[in-house]
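Structural overview for review
These are the residues of each chain, in order.
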Amino acid sequence: MVKYRRNNERTSKSGMDVKIEESWKAVLANEFENEYFVRLAQFVKNAYRNGVVYPPGKFIFEAFNRTPFDKVKVVIIGQDPYHNPSQAHGLCFSVPQGVALPPSLINIYKELEREYSKPYLARSGDLSHWADQGVLLLNATLTVSGGANMAGSHQGKGWEIFTDAVIRNLATKREGIVYLLWGSYAQKKAAFVDREKNLVLETAHPSPLSAHRGFFGCGHFIKCNEYLKSHGKEPIDW
């Protein structure tokens, strides 16, 4: 039995307090009671107890808390959080105010500069203002161990099942959403999204290793806003 706590806090069978926005809490209710999530929650609790884990616990579900289910207009999918100190704060590709821009975000800003002729590289790397406008900045894995060579350290523990459920619920219960799928990982994760009912834009990942293979010049940000406007929605102020 799930015990509901104040506002957006719930305790699952695992005993893990999940602080998540009300509309997502309703949509994902079954996930919190599933055995995989019980095992995942125990793994995450132990990881935080026994070592350094990112993002800070209060930011694990930040993408959901900033972008309610019924407000999602755009979905961007990352892989896992940054694993260096002070970078991860629950939004894919984003870093907090005052933190140096990571390489992939630099390339995202370069593409925005190309599309909009504005000095994005002088901006903060905090993309919270995107999330607040309806851009779900979703990492496939929501936690990671901190330290060198720890990228992907929490993969295969259950987070991917959870975030698959997130995309599945959006795909079946919502339409008119723009999916920006950068790189093969994101493209496979959202392969089942109905392209007749949504706009799916695919290109290479913005990583320095691949951005030159199609990310630069993709025009995704303008195309996204054109689609939103054509469907009577407010465009994103990138």
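Residue positions are given per chain, counted from 1 along the sequence in the order it is written. Only residues with pLDDT of at least 70 are given local features in this predicted model, and only at 80 or more are side-chain atom pairs given and counted; all residues enter the totals for whole chains, interfaces and linings. The basis for every side-chain value is the complete set of heavy atoms in the structure, and neither hydrogens nor water enter the calculation.

1. A closer look at the packing of aromatic side chains
To keep things clear, this is the line we draw: Here a pair means two rings of Phe, Tyr or Trp (six-membered ring of Trp) with centres within 6.5 Å. Their orientation is stacked below 30 degrees between planes, edge-to-face above 60, and tilted elsewhere. Strands here mean DSSP runs of E at least two residues long; helices mean DSSP runs of H or I at least four residues long; both are numbered from the N terminus. A 1.4 Å probe rolled over the protein chains alone gives each residue an accessible area, and that area as a share of the maximum for its type sets the label: buried under 20%, exposed over 50%, partly exposed in between. Comment: the charge-over-ring label is applied if NZ (Lys) or CZ (Arg) is within 6 Å of the ring centre and within 35 degrees of the ring normal.
Taken as a whole, this structure holds 20 aromatic pairs when the rule is applied. Between W130 and W238, the ring centres sit 4.8 Å apart and the planes meet at 80°, which makes this aromatic pair edge-to-face. Residue W130 is located in helix α6 (residues 128-132), and its partner W238 is located in the segment after α9 (220-230); the two are separated by 108 residues in the primary sequence. By relative accessible area, which is 1% here, W130 ends up buried. The class for W238 is buried, based on a relative accessible area of 3%. Seen in terms of ring centroids, F221 and W238 are 4.9 Å apart; in terms of plane orientation they differ by 75°. Their pairing is edge-to-face. Separated by 17 residues along the polypeptide, F221 in helix α9 and W238 in the segment after α9 bring together distant segments of the chain. Across the pair, exposure class does not vary: F221 and W238 are buried alike. An aromatic cluster is defined as three or more aromatic residues linked by ring pairs; in this entry it consists of W24, F32, Y36, F37, F61, F64, F69, W159 and F162. Taking NZ or CZ as reference, R123 lies 4.0 Å from the ring centre of Y120, over its face.

2. As for the confidence of the model for the protein chain
The predicted coordinates of low-pLDDT regions are not to be read in fine detail. For clarity, the cut-off: The predictor attaches a confidence to each residue, called pLDDT, with possible values from 0 through 100. Only heavy atoms matter for contacts: two residues are in contact if any of them lie within 4.5 Å across the pair.
In the predicted model, the protein chain carries a mean pLDDT of 92, and 92% of its residues have values of at least 70. Throughout residues 1-14 the model reports pLDDT below 50, and contacts reaching past four residues in sequence, or to other chains, amount to 43 contacts.

3. As for the nonpolar core
Buried together is how nonpolar side chains tend to be arranged in soluble globular proteins. Cut-off, in case you're wondering: Throughout, nonpolar core names a set of buried Ala, Val, Leu, Ile, Met, Phe, Trp, Tyr and Cys residues whose side chains join them through atoms within 4.5 Å.
Formed by 69 residues in total, the largest nonpolar core has its most connected members in W24, I76, I108, W130, F162, L170 and W238. With six residues, helix α7 (residues 159-173) is the largest single contributor of residues to this core. Each residue touching I108, except ones within four places of it in the same chain, is listed here: F93, W130, W182, P206, F215 and F221.

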